[in-house]
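Observations on the model geometry
Each chain, letter by letter, is given below.
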Amino acid sequence: MARKYSTKRGTIIWPLSMFFTLIDKAPINDYCLYMMNDPNWEKTRTNRHRMYLQELGLKLIQRKVQDWAKNVSGLKTNVVIAMENILSIKINPILLKELQVSLVKRDATSAHK
């Protein structure tokens, strides 16, 4: 399982290699503990491990994305849309509209150069 979803990168720095190994093993250990506590979770699904990793990843990034959503100026529209999908909320449409207008203006000025 750890090889399929690995974060490991080629490095000669042994502490970094050990860190990547720990990052690979922690979600597997967490999944095993979770399954021991709730063995009936999504029992009919064949891809429970992948679903668990997706949920874990979303929960780990959710707070940071909420912080980013407070100020979307300078972000591309597709990034803001992805943030909306992660948070399941609509980000301030006034800021989003201003962002789209500024991007169009920027693209227009860069096309004339």
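Residues numbered from 1 in each chain as written. Predicted model: local features only at pLDDT ≥ 70, side-chain atom pairs only at ≥ 80, totals over all residues. Heavy atoms only, no water.

**Some thoughts on the packing of helix H1 (residues 14-37) against helix H2 (residues 48-69)**
Rules: Only C-alpha atoms enter the line fits that serve as axes; for helices the fit covers just the stretch in contact. Angles between N-to-C directions range over 0 to 180 degrees. Secondary structure is summarised from DSSP: a helix means a run of H or I of at least four residues, a strand means a run of E of at least two, and numbering begins at the N terminus for each. For this classification, under 35 degrees means roughly parallel, over 145 means roughly antiparallel, 65 to 115 means roughly perpendicular, and everything else is oblique. Should the near helix be turned anticlockwise from the far one by less than a right angle, the crossing is left-handed, and should it be turned clockwise, the crossing is right-handed. Note on definitions: a residue-residue contact is assigned when non-hydrogen atoms from the two residues lie within 4.5 Å. Residues are grouped as follows: nonpolar covers Ala, Val, Leu, Ile, Met, Phe, Trp, Tyr, Cys and Pro; charged covers Asp, Glu, Lys and Arg; every other residue, Gly included, is treated as polar.
At a minimum axis distance of 11 Å, the contact between H1 and H2 shows a crossing angle of 110°. Relative to H2, the element H1 lies roughly perpendicular. The element H1 and its partner H2 pack so that their crossing is right-handed. The segment H1 lies against H2, with Pro-27, Ile-28, Asp-30, Tyr-31, Tyr-34 and Met-35 engaging Arg-48, His-49, Tyr-52, Leu-53 and Leu-56. Looking at the contact of H1 with H2 residue by residue, the classes come out as eight nonpolar, one polar and two charged.

**Thoughts on the nonpolar core**
What tends to happen in soluble globular proteins is that the nonpolar side chains get buried as a cluster. Which entries qualify depends on this criterion: To form a nonpolar core, buried Ala, Val, Leu, Ile, Met, Phe, Trp, Tyr and Cys residues must be joined to one another through side-chain atoms within 4.5 Å. Each residue is assigned to one of three classes by its accessible area relative to the maximum for its type, calculated with a 1.4 Å probe on protein chains only: buried under 20%, partly exposed between the two thresholds, exposed over 50%.
Membership of the largest hydrophobic core is limited to seven residues, which are Val-65, Ala-69, Val-72, Val-80, Met-83, Leu-87 and Ile-91. When residues of this core are traced back to their parent elements, those giving at least two are H2 and helix H3 (77-87). Here this core takes three residues from H3, the largest share from any one element. Filtering out sequence-adjacent residues up to four positions away, Val-65 remains in contact with Met-83, Ile-86 and Leu-87.

**Brief notes about H2**
Let me state the cut-off plainly: An expected span of 1.5 Å times one less than the residue number is assigned to each helix. Consider a residue and the seven residues that end there alongside the seven that start there; fitting an axis to each set, the bend is the angle between those axes.
Counted at 1.5 Å a residue, the expected span for H2 with its 22 residues is 32 Å, and the 30 Å between its end C-alpha atoms agrees. The largest bend in H2 amounts to roughly 40° and is located at Gln-62. If you follow the buried residues of H2, they end up packed against H1 and H3.

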